[in-house]
Amino acid sequence: MIIELNKHLSSHLIISPYSLRKAVWGLLAFLIFISPPIFAVTPSVAVIYPELRAPYNKIYDDIATGVETKVNGRAFRFKLTKNFSAKQLNDWVARNNIKVCVALGKGGEKAIGQLTNDIPVLLSGVIKPKSPIYGGISLAASPKKLFAELKKQNSKIKQVIVVYNPKKSEWLVRQAQSDAVQNNLQLVTYMTSSLSESAKIYRDIFSRSDITNSAIWLPPDTTSVDNRTILSFILEQSWAKNVTVFSSSPAHVNKGVLFAMYADNKKLGESLGAYALDKLNGRSKLTKMIPVEDLKIAFNKRTAEHLGIKFRSDDLRRYDAVFPSK
Amino acid sequence: MKHFIFLNYKFILLNLIFIFCVSTNAYSDFDEEEALIELYGDEEIISIATGSAQPISRAPAVASVITAKDIKEMGATDIDEVLETVPGLHVARRAAGYTPIYTFRGVFTTENPQVLMLVNGISINNLFVGDRSQVWGGMPVEAISRIEVIRGPGSAVYGADAFAGVINIITKEAAEIDGFEFGSRLGSFDTRDAWALYGGEVGGFDVAFSAEFRDTDGQDEDINADAATIQGTSLAPGSVNTGTQNFDTRLSITKNNWKFRAGLQKRQNFETGAGVGEALDPNGELESDRWNADLTYHNPTIRKDLDLTAQVSFLNTSQEVSEDILLSPPGSFLPGPIVPLGPFPEGVIGNPEVWERHWRYNITGVFTGFNNHTIRSGIGYTHQEVYRVEDERNFSPLNFGVLTDVSDTPFAFLPEKHRNNSFAFLQDVWQISNDWELTAGLRYDDYNDFGDTWNPRAALVWAARHDLTAKLLYGEAFRAPSFAEFRNQNNPVAIGNDDLDPEEIETLELAFDYRPKDNLKLGLNLFRYKWDDIIRFTPVAQNVGEQEGYGFEFEFDWKVSRTLKILGNFAHQNSEDETTDEDAGNAPENQFYVRTDWEFKPGWHLSPQWNFVMDRNRVDGDARDDIDDYDIFDVTLRTNAFSNRWELAVSARNLFNKRAFEPSQNGAFGAAIPGDLPLARRSVWGELRFNY
């Protein structure tokens, strides 16, 4: 009799798989129901960037991942497709209680111009923004870091020559002046407005006899140096005259430039995330573009050997990419 | 053949509908991409800079590297299609199983043991006949990160069989796969492919996993006459039989300095091509299981200036018969000492089966503590054994005319034996001056069954200008006699001989790498080789052959614009059989290959390629006319414009439906298959892949 009673009770008390499933779904439904207000009250950071094809997408995805890592779960991504609308973006910003926007790339910059609320913005994924009103981190490598690496490679270098288009690189070259002094380097600048003018300047530079202890810095600006003509000329002349050339483009290293420093996108994202947190807390004063200091290094072993730069395998390990394939 | 149910047409159609319904438009803004290109240079550099790819460093040899991106562009679904595009390498076919013959620079033999194939640097060559397997069945490409092909000798580094060339297949690691990828492909000849890849971090380990399936009926071109035609018992005219079911899976687990890899290449229902005995056999089927595993420890800084790698690896490979192999059709006779033997009412049946396993142990150190020198040295030990031989035949003296198991009797085709090899090598890369580098290396190998051998190599590299590098290379290599050459028995046309020396080759090369423009790369390689002690069955295996050859390869790679590139090569070789003073034959004297990749709209790639195989002479004594040249045009259209997650491709192979043949071999009474071995006519496939 007792056994029968127990059986009877247990058939009511033991939760069947069916009722367990119902309970779980119920709980989930409840969580979903209450979740928007929970998230909505937390001021958040948006990362807004164009959805690109592989492999381009990896650049912005990595920056976004870096931002997310730093802001610890308070970041949302908005990927811009061709047919996105300003209303869509503004609704999304309001719904997610976005208080700071990190915009990436040209598309990101264009999109934040369509925001109706006055939200603090950080810009990245570009060399220089179209509009001067935004602050952020440029993809142009920090001259300070470039010069420090140059000195590490060849301590005899006393002078850095840069040919630049002021419309594109004035802000960077201005900063480079003080960075050069810090690294015991003299920065010699030449302004250009076109590739033909650049070609003439580079011809003059290489015709001088006093460039032995000089290095040439190629700014991230295709109006002052192009791959087809001017870079080819620079590589030919620098090889013949043993002149060090460095840049912000890993492709230049593949072609024969000694080294290049370029953004470590995840770490760049983390730095952006730190600035975004500051802005959330009303502390940040980052109102201008600064060059990226989170950098990777590409190195050309063949050029280094030609220049007589001594290195061991330990030295090679600190580079993120070593060119060329033999 | 069984069909995988998830690969049927309805499934593919539903997938396609699903894509077009759910896919979002990727931004695909050329302006946006252009801005990134301005900074990074090109897509390849973006992949390197973002960690999706590594710059490829090559040995100072004449090498080609084909990346996963190249493989996709050329529309290859099997490595043989990839290898055919390498300058100086032509993939011919063997009648039995239509197994590939990788012909480097005129070095052609039917069994093709003069080529070393490595997967992640570990040999997969078999002991039995020295090839990759007689039940090869191809190799899928989805899990391949890149293929490095070294033309010329490599024994100073790789040891035995790195003779005419080395093919090293590097598989994808976790970072390269980065997530999941699923794909399926349907094509002509009832071909169904499916694959799944995973790469990511699991419990603190970097894990890469791949599984690839192929089920195909294979091409079915006709041959008109075969080895049994003369007896009047032939099944020709009839179609070749090239069906197979393949399953390839690989796993790689990495943590800190340790890497464990394992894999299986399973072949089932593998058909016999133009026949194991060069007589059509529509029912015979074989299978093979090739298991591999390795544990590798690599510490680049174990001591100051010392990089150390230690590795143990294992390979177990089999050749099994699942349906009786018909060496000659019903009613055939076998040649006898006085009168023909037979007839065999059910045909001449022979079912040879072999299982072998290989253990390899090696330690390599790279020391950079001396100025201007990089010294690489290592030692190793290999134990290989044919541990099981099964043999069933109906022409054994034990029970003539009746299918009888002769395994473990003196009447079997091969005894069970082992081979041990110890080796040591030393190589120095010496930076003589700023623009001159000398690589000198020497390797010593000692074998329990044929003695020892020393193999040197030297490479002098001169960075002549900023855009020109010249290399002068010399190398010697050896090819270990296969177990069939050493120990074949009870085979009247191929009898083993345990008193064989290894084959040897000496090669001298001069190579130029010239980059006259930012967007143009040119390469020119000149070579001369001397191949000695060639082992031939006469019918007893003997070191009787000698061959000499010379030639050149010219390559170009031109990025015409950001969206258009053209690349190709022309290869010429002239090889002479020194025993007859006649052309060595079979291999093409001239080859030309050109491929274009054109991104005509963002995310839309059109990649046509055209391959010309020309001037293949017959061997001395073969009365047939020289084999006709052929050219094959393929085109592939691929897009990921709809979504980053989905990719669609269609491809037409041999679009112009050209007739093409590979040479069949000449015999004592003429060629068994006089009309040569037909290749596939026009075929198409469609493919869908998804990643996240």
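Worth saying up front: this structure is predicted, and the values here are computed from it rather than measured. Residue positions within a chain follow its written sequence, with the count starting from 1. Each chain gets a letter, beginning with A, and each ligand a number, beginning with 1, in the order they are written. Per-residue local features are limited, in this predicted model, to residues with pLDDT of at least 70; the limit for side-chain atom pairs, both in listing and counting, is 80 or more; totals at the level of whole chains, interfaces and linings are taken over all residues. Hydrogen atoms and water are omitted, and side-chain values are computed over all heavy atoms in the structure.

Peer 1: Just checking my understanding: could you explain the overall build of chain A for this structure?
Peer 2: A run of H or I in DSSP becomes a helix once it reaches four residues, and a run of E becomes a strand once it reaches two; helices and strands are each numbered from the N terminus. Tallying secondary structure elements over chain A gives 13 helices and 13 strands in all. In chain A, buried positions account for 52% of the 326 residues. By sequence separation, contacts in chain A at least 24 residues apart represent 72% of the contacts at least 6 residues apart. Per-residue accessibility takes into account occlusion by the displayed protein chains alone, with areas from the Shrake-Rupley method and a 1.4 Å probe. Per element, the accessible surface of chain A, about 15600 Å² overall, is 56% carbon and sulfur. Three exposure classes are used, based on accessible area relative to the maximum for each residue type with a 1.4 Å probe and protein chains only: buried under 20%, partly exposed in between, and exposed over 50%. Only heavy atoms matter for contacts: two residues are in contact if any of them lie within 4.5 Å across the pair.

Peer 1: Is there a simple way to think about the interface of chain B and chain A in this case?
Peer 2: Contact residues are listed per partner, giving 61 residues for chain B and 55 residues for chain A. For the pair chain B and chain A, the summed buried surface comes to about 5100 Å²; carbon and sulfur atoms form 48% of the total. Any Lys or Arg side-chain nitrogen found within 4 Å of a carboxyl oxygen on Asp or Glu counts as a salt bridge. Here chain B is connected to chain A by three salt bridges. Here K255 of chain A makes a salt bridge to D518 of chain B, at a shortest N to O gap of 2.5 Å. Polar contact criterion, stated in full: a pair of N or O atoms within 3.5 Å, where within protein one must be able to donate a hydrogen and the other to accept it, and residues adjacent in sequence count only if both atoms are side-chain atoms. Put simply, chain B and chain A have 17 residue pairs in polar contact (both at pLDDT 80 or more) between them. When contributions to the side of chain B that touches chain A are tallied by element, the ones reaching two or more residues are α2 (30-40), α3 (43-49), β15 (285-303), β25 (451-465), β26 (468-479) and β29 (541-561) of chain B. Tallying contributions element by element places α2 of chain B first for the side of chain B that touches chain A, with ten residues. Residue type decides the class: Asp, Glu, Lys and Arg count as charged, Ala, Val, Leu, Ile, Met, Phe, Trp, Tyr, Cys and Pro as nonpolar, and the leftover types, Gly among them, as polar. Partitioning the side of chain B that touches chain A into residue classes produces 20 nonpolar, 21 polar and 20 charged. Here the quantity called buried area is the total loss of accessible area, with a 1.4 Å probe, experienced by two parts when brought into contact, counted for both.

Peer 1: I would appreciate a short explanation of the confidence of the model for chain B in the present structure.
Peer 2: The predicted coordinates should not be examined in detail at positions where pLDDT is low. All names here are of chain B. Confidence along chain B averages 91 in pLDDT terms, with 94% of residues attaining 70 or more. A residue's pLDDT is the predictor's confidence in that residue, given on a scale from 0 to 100. Here residues 1-7 scores under 50 on pLDDT; set against residues more than four positions off or in separate chains, the count is 23 contacts. Taken together, the chains of this predicted complex give a pTM of 0.87 and an interface ipTM of 0.79.

Peer 1: What exactly am I supposed to notice about helix α11 (residues 265-280) of chain A here?
Peer 2: Helical periodicity: at 3.6 residues per turn, an α-helix aligns residues three or four positions apart in one direction. Residue and element names in this part refer to chain A. Its 16 residues give α11 an end-to-end C-alpha distance of 22 Å, which sits within 8% of 22 Å, the value for a rise of 1.5 Å per residue. Here α11 has its buried residues at N265, L268, G269, S271, L272, G273, A276, K279 and L280. Positive phi shows up at G282, right after α11, with a value of about 70°. Expected helix span is computed as 1.5 Å times (number of residues minus one).

Peer 1: Even after reading the chapter, I still don't get unusual backbone geometry, so can you show me in this structure?
Peer 2: Negative phi is the rule for most residues except glycine; trans is the rule for most peptide bonds. Residues and elements named next belong to chain B. Note that the residue after A236, namely P237, is joined by a cis bond; omega there is 0°. Counting through the fold element by element, P237 comes out in the loop between β11 (222-223) and β12 (238-239). You will see that R105, though not glycine, has its phi angle at about 45°, which is positive. Overall, the relative accessible area of 5% leaves R105 in the buried class. Backbone geometry places E278, a non-glycine residue, at a positive phi of 60°. Mapping E278 onto the fold places it in the loop between β14 (258-271) and β15.

Peer 1: Help me understand the pairing of strand β19 (residues 341-344) of chain B in this model?
Peer 2: Put simply, side chains in a regular strand alternate between the two faces of the sheet. Residue and element names in this part refer to chain B. Note: two strands are recorded as paired if DSSP finds a minimum of 2 bridges between them. The pairing of strand β18 (residues 332-334) with β19 spans two bridges and is antiparallel. Note that in β19 the partner of L334 across the bridge is L341. Where β18 folds back onto β19 in an antiparallel hairpin, the turn is made up of six residues.

Peer 1: For this particular structure, what's the right way to read the environment of Y190 of chain A?
Peer 2: Residue and element names in this part refer to chain A. Relative to the elements of secondary structure, Y190 occurs in strand β7 (residues 186-191). Classification of Y190 by relative accessible area gives partly exposed; the value is 24%. Along the backbone, Y190 and I201 are eleven residues apart, and their C-alpha atoms lie at a distance of 7.6 Å. Setting aside residues no more than four positions away along its own chain, Y190 makes contact with I161, V162, V163, Y164, I201, I205 and R208. Polar contacts involving the side chain of Y190 include one to the side chain of R208, which spans 2.7 Å.

Peer 1: Whenever I open this one, the packing of helix α3 (residues 57-71) of chain A against α11 of chain A confuses me. Can you help?
Peer 2: Working note: a packed helix pair is described by the angle between its axes plus the distance between those axes. Residue and element names in this part refer to chain A. Throughout, an axis means a line fitted to C-alpha atoms (over the contacting stretch in the case of helices), and angles, computed between N-to-C directions, take values from 0 to 180 degrees. At their nearest, the axes of α3 and α11 sit 6 Å apart, and the two run at 45° to each other. In this view, α3 runs oblique relative to α11, as classed from their interaxial angle. The handedness of the crossing between α3 and α11 comes out as right-handed. Counting all contacts with α3, which are made through I59, D62, I63, T65, G66, V67, T69, K70 and V71, the residues of α11 involved are N265, K266, L268, G269, E270, L272, G273, A274 and L277. Split into classes, the residues belonging to the contact of α3 with α11 amount to eight nonpolar, six polar and four charged. Comment on the angle field: the value is read as roughly parallel under 35 degrees, roughly antiparallel over 145, roughly perpendicular from 65 to 115, and oblique elsewhere. Crossings are assigned a handedness: left-handed for a near helix turned anticlockwise from the far helix by less than a right angle, right-handed for a clockwise turn.

Peer 1: How should empty space enclosed by the protein be read in this particular structure?
Peer 2: To find leftover empty space, a probe the size of one water molecule is rolled over the atoms. Residues and elements named next belong to chain B. Any residue with an atom within 4 Å of a point lines the site, the site being either a cavity, points on a 1 Å grid over the protein atoms alone where a 1.4 Å probe fits but cannot get out, or a pocket, an open set with protein on both sides within 12 Å along at least 5 of 7 lines. Grid points are joined across faces, edges and corners, and a volume is the space filled by probe spheres set on the points. Under the counting rule described, the total for this entry stands at nine cavities of 30 Å³ or more. Considering only enclosed or pocket space, the largest cavity measures out at about 1200 Å³ in volume. Taken together, 47 residues line the largest cavity, and the ones lying closest to its centre are D78, D80, E81, R93 and A680. Class assignment for the residues of the lining of the largest cavity results in 14 nonpolar, 20 polar and 13 charged. Of the voids in this model, the second largest cavity is the one considered here, and its volume is about 290 Å³.

Peer 1: How should the domain arrangement of chain A be read in this particular structure?
Peer 2: When the parts of a complex come together, some accessible area is lost, and that lost area is often used as the size of the interface. Residues and elements named next belong to chain A. When its domains are assigned, chain A resolves into domain 1 (42-140 + 265-292) and domain 2 (141-263 + 295-323). Relative placement of domain 1 and domain 2: their C-alpha centres are 30 Å apart. On the side of domain 2, eleven residues touch domain 1, which itself brings eleven residues to the contact. At the boundary of domain 1 with domain 2, total buried surface from both sides reaches about 880 Å², with 67% on carbon and sulfur atoms. Taken together, the links from domain 1 to domain 2 amount to four residue pairs in polar contact (both at pLDDT 80 or more). How far each domain reaches was decided by an automatic or database domain assignment.

Peer 1: Is there a simple way to think about the packing of aromatic side chains in this case?
Peer 2: All names here are of chain B. Note on aromatic contacts: the rings of Phe and Tyr and the six-membered ring of Trp form a pair at centre separations within 6.5 Å, being stacked when their planes are under 30 degrees apart, edge-to-face when over 60 apart, and tilted otherwise. By the definition in use, this model includes 38 aromatic pairs over all chains. Here the aromatic residues F180, F182, Y198, W646, F690 and Y692 are joined through ring pairs into a cluster of three or more. The criterion is that NZ of a Lys, or CZ of an Arg, lies within 6 Å of the ring centre and within 35 degrees of the ring normal, and then a charge sits over that ring. Taking the ring centre of W685 as reference, the NZ or CZ of R185 above it sits at 5.2 Å. The residue whose ring lies beneath K255 is F205, and the NZ or CZ to ring-centre distance is 5.0 Å.

Peer 1: How do you make sense of the sheet that holds strand β1 (residues 44-50) of chain A when you look at a structure like this?
Peer 2: The pairing of strands in a sheet comes from backbone hydrogen bonds and takes either a parallel or an antiparallel form. All names here are of chain A. Taken in spatial order, the six strands line up as β2-β1-β3-β4-β5-β11 in an open sheet, and their pairing is parallel. Each of the sheet's edge strands pairs with one partner strand only, and the pair in question is β2 (75-80) and β11 (289-292). The average angle at which neighbouring strand axes cross in this sheet is 20°, direction not considered. Pairing of β1 with β2 involves six bridges; the strand directions are parallel. Looking at β2, one finds that P50 is bridged to L80. Lying over the sheet, helix α4 (residues 86-95) contacts β1, β2 and β3 (98-104), oriented at roughly 175° with respect to β2. Along the sheet face, helix α5 (residues 105-112) touches β1, β2, β3 and β4 (121-124) and points at about 145° away from the line of β3.

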